[in-house]
Amino acid sequence: MPSDTSAVAAQQDSETSSHQPRFHRLHALWRLRSYLRPYVGRLIFMLFAALAGVGASLAIPLVIREIIDGPIAHRDSKGLVLLGLLAIFLGVTEAFLILVRRWIQSRAVLGLETKIRDDLYEHLQRLPMAFHGGWQSGQLLSRATTDLSVIRRFLGFGLLFLITNVVQLTTVTVLLLRMYWPLGLVVAASAVPIIMLSLRFEKRYIRISRQVQDEQGDLATVIEESAVGIRAIKSFGRRHYIFDIFDEGARQVYATSMEKVRLSSRFWTFLGFVPNVTLAIVLLLGAVAVGWGSLTLGTLVAFTTLMLQLVWPIASLGHILAMAQEAMTAAERVMEVLDTKPTITSGSLELANPKGHLRFEGVSFRFPDDDTDVLRDVWLDVRPGETVAIVGATGSGKTTLTALVPRLFDVTGGRITIDGHDIRDLTLPCLRSIVATAFEEPTLFSMSVRENLTLGRPDATDEEIREALEVAQATFVYDLPWGLDTRIGEQGMALSGGQRQRLALARAVLTKPKILVLDDTLSALDVETEALVEQALRHVLESATGIVVAHRASTVLLADKVALLQNGTITHVGTHHELLEKVPQYRELLAQDADLDAEEVLS
Ligand SMILES: Nc1ncnc2c1ncn2[C@@H]1O[C@H](COP(=O)(O)OP(=O)(O)OP(=O)(O)O)[C@@H](O)[C@H]1O
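Residues numbered from 1 in each chain as written. Predicted model: local features only at pLDDT ≥ 70, side-chain atom pairs only at ≥ 80, totals over all residues.

The next subject is the overall build of the protein chain. Within the protein chain, the secondary structure is distributed over 21 helices and 10 strands. Counting every position in the protein chain, which comprises 603 residues, the buried fraction comes to 34%. The long-range fraction of contacts in the protein chain, counting pairs at least 24 apart against all pairs at least 6 apart in sequence, stands at 79%. (Helix = DSSP H or I, 4+ residues; strand = E, 2+ residues; numbered from the N terminus. Buried ≥ 20, exposed ≤ 12 C-beta atoms within 10 Å, placed from the backbone. Contact = placed C-beta atoms within 7 Å.)

This is the structure:
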């Protein structure tokens, strides 16, 4: 469920963004223009096709005027046929141009959406853990899906209609003024209430469309989290409680969407009403003018036919302005992600033959937006091939310490070195080929076992995979229905916790890292399997530098020395027996362990 803090963050995010000046929002959309570049030729052709279509449709009333005032008034049947054929030709041309435009635009706009989505996804992958920790996943999901579709619809359809409608409105008004200026002025005056109301509508629509888009993101977060956390929900029997949270979110989206619909339908009704009232006034005044002889019947028919052509562009202007507002909001939301700079950037150094000498030199770390250090003044020297167990109370900072080595977070003070080089100077691929990590909560992807295992070593041979699986005591995968090619469910849900941990361990071992970081990786294993894994791990750790977060005495025994982490700093380093003898806090920590282990340790 969305945490209180993230909900507040999203709320603040929504509030600040809905008050962004219009220029800022327009600018966000404008910045996406580079995505249109590959389609410039098509877009220009589309625009010309659209404008030519408008031209053809505007010419028809003028031809009708000629027909009424010419061949019909003078009973000229030959002229009537010729002008009639011209009107038909113009109608067919308009229809053909619409067909061509629609055909061309579909490819261009779908390609554009796909490219922005690719870039957004790639950028998300580059953003650091700190970013992902602070954003609700549903908000990111809705930006990569709904928001991009909104932008695509506007750039592909809305923008084109906005241009052609404005051209059509201006041309028709000029033509009307030229045809008979007193009636033309009536039509031009009707634009005043439309413009005034559009401006008011825009202000309210911006706020509400941003609110709907943010609320949809919150709802997506609830759905995503309840899908992932379905086991916890079921086991606590909280299905109804979670449903209520979802229902509240869904009702909120419904209520805000209805408010949006009410607002836009009032506006659109008004937009349909104004041209029709104007038409009635024009017909009345036009009939009087024809009666006085100051206007021909043909001109009045042409005038009203042209005016009818204003009804649709004005009525659709409401839809298009709404579309434009939504697209600007969506672009702003997408840009909020794209503008976040990846703070963890690659260095330039490649180590050809790393030895794996790892040092923490006065390292401190605090999470963004936190005001206290989680780690402070950490000094630790792990020589090549040596294994250090990190022992500490829960919340003392063990996981955070291990996350600093592959640079999932960057230190905020001091430095970490490998073979004397600050890890920030190494290229990220180089660092991550030296360091492999297996976490306590292993993440497996909806892919085959083989794909999951070879995530860090796509070129691993079957033999190497077997070796890694044997080390991790995970050869059970060969008994799955399709062996290594069995697809495991989302996050490996079809496997037990221990099986998933063993696969994650095999994945880390398979990369043959110089530095292996195990964050309490064996916690879900039974005592017997753990002993087997540890036995096999001993061989792996002989050739690698190891950092092993340990809660159990049996895991500690894997290590050459132990570092005791207390309140974010390493207070003691020594062998297991030394610490057991001299440090009461260490003894207390391990006393929580099973008696069996303690006896084993002391013997
Ligand atoms: N993303 C985060 N943002 C802010 N604080 C965090 C974050 N992750 C962890 N912390 C805080 O940092 C401290 C250290 O957490 P860490 O997970 O490293 O402890 P740990 O020793 O591994 O605990 P455990 O043994 O329970 O896994 C805790 O007080 C925790 O609340």
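Moving on, we get to unusual backbone geometry. Even without a glycine there, the phi angle at Asp-377 is positive, about 45°. The topology assignment puts Asp-377 in strand β2 (residues 375-382). Judged by the 15 C-beta atoms lying within 10 Å of it, Asp-377 falls in the partly exposed class. Even without being glycine, Asn-567 reaches a positive phi, approximately 45°. On the secondary structure map, Asn-567 appears in the loop between β9 (561-566) and β10 (569-574).

UniProt records the feature "transmembrane region" (unreviewed entry) at residues 39-60, 80-100, 154-177, 183-201, 267-289 and 295-315, using the numbering of this structure. Along residues 154-177 the backbone is 100% helical and 0% strand, and the end-to-end C-alpha distance reaches 32 Å. (UniProt positions renumbered as here; feature names shortened; annotations may be inferred.)

Attention now moves to the site of the ligand. With respect to spatial proximity, the complete set of residues near the ligand consists of Gly-133, Phe-367, Asp-370, Val-374, Gly-392, Thr-394, Gly-395, Ser-396, Gly-397, Lys-398, Thr-399 and Thr-400. Among the elements that make up the shell around the ligand, the one with the highest residue count is helix α12 (residues 398-404) (3 residues). When grouped by side-chain class, the residues that make up the shell around the ligand number 2 nonpolar, 8 polar and 2 charged. (Near = placed C-beta within 6 Å. Nonpolar A, V, L, I, M, F, W, Y, C, P; charged D, E, K, R; others polar.)

Next up on the list: the sheet that holds strand β3 (residues 387-392). Taken together, 6 strands build an open sheet; the order of strands is β6-β7-β8-β3-β9-β10 and the sheet is mixed. Bordering the open sheet on either side are β6 (435-438) and β10, each of which pairs with just one other strand. The sheet shows a mean angle of 20° between the axes of neighbouring strands, direction not considered. Here 5 bridges tie strand β7 (residues 515-519) to strand β8 (residues 545-549), and the two strands are oriented parallel to one another. Bridging from a neighbouring strand, Leu-516 pairs with Gly-546 of β8. Along the sheet face, helix α16 (residues 497-510) touches β6 and β7 and points at about 175° away from the line of β6. (Pairing = 2+ DSSP bridges. Axes fitted to C-alpha atoms, helices over the stretch in contact; angles between N-to-C directions.)

The subject of this paragraph is the sheet that holds strand β4 (residues 413-418). Read from one edge to the other, the open sheet built from 4 strands follows the order β2-β1-β4-β5, with strand pairing classed as antiparallel. Edge positions in the sheet fall to β2 and β5 (421-422), since each of these pairs with one other strand and no more. Direction of pairing for strand β1 (residues 358-365) relative to β4: antiparallel, over a ladder of 5 bridges. Counted as the bridge partner of Glu-361 is Arg-415 from β4.

In low-pLDDT regions, the fine details of the predicted coordinates are not to be read closely. Taken as a whole, the protein chain shows an average pLDDT of 83; of its residues, 93% reach a score of 70 or greater. A low-confidence stretch, residues 594-603 stays under pLDDT 50, and its non-local contacts, those more than four residues away or across chains, total 10 contacts. Scoring of the predicted complex yields 0.69 for pTM and 0.95 for ipTM. (pLDDT = per-residue confidence, 0-100.)

What follows deals with the pairing of β10. By the bridge criterion, 5 bridges tie β9 to β10 in an arrangement that is antiparallel. What sits directly across from Leu-564, in β10, is His-572. Here β9 folds back onto β10, and the loop between the two strands holds 2 residues, one of which, Asn-567, carries a positive phi near 45°.

Tracing the chain through its elements places Met-335 in helix α11 (residues 297-338). As for Met-335 and Leu-120, which are separated by 215 residues in sequence, their C-alpha atoms are 9.2 Å apart. Discounting chain neighbours no more than four positions away, the residues touching Met-335 are Ala-28 and Arg-31.

Of all hydrophobic cores here, the largest spans 72 residues; its most connected members are Ala-389, Ile-390, Val-391, Ala-472, Ala-506, Val-509 and Leu-516. Per element, the largest residue contribution to this core is 7 residues, and it comes from α16. In this structure Leu-516 touches Ala-436, Ala-508, Val-540, Leu-541, Ala-544 and Gly-546, once residues within four positions along its chain are discounted. (Core = buried A, V, L, I, M, F, W, Y, C linked by C-beta atoms within 7 Å.)

This part takes up the environment of Gly-395. By secondary structure assignment, the location of Gly-395 is in the loop between β3 and α12. When the 11 C-beta atoms within 10 Å are taken as the criterion, Gly-395 is described as exposed. It is 9.3 Å that separates the C-alpha atoms of Gly-395 and Gln-566, two residues lying 171 residues apart in sequence.

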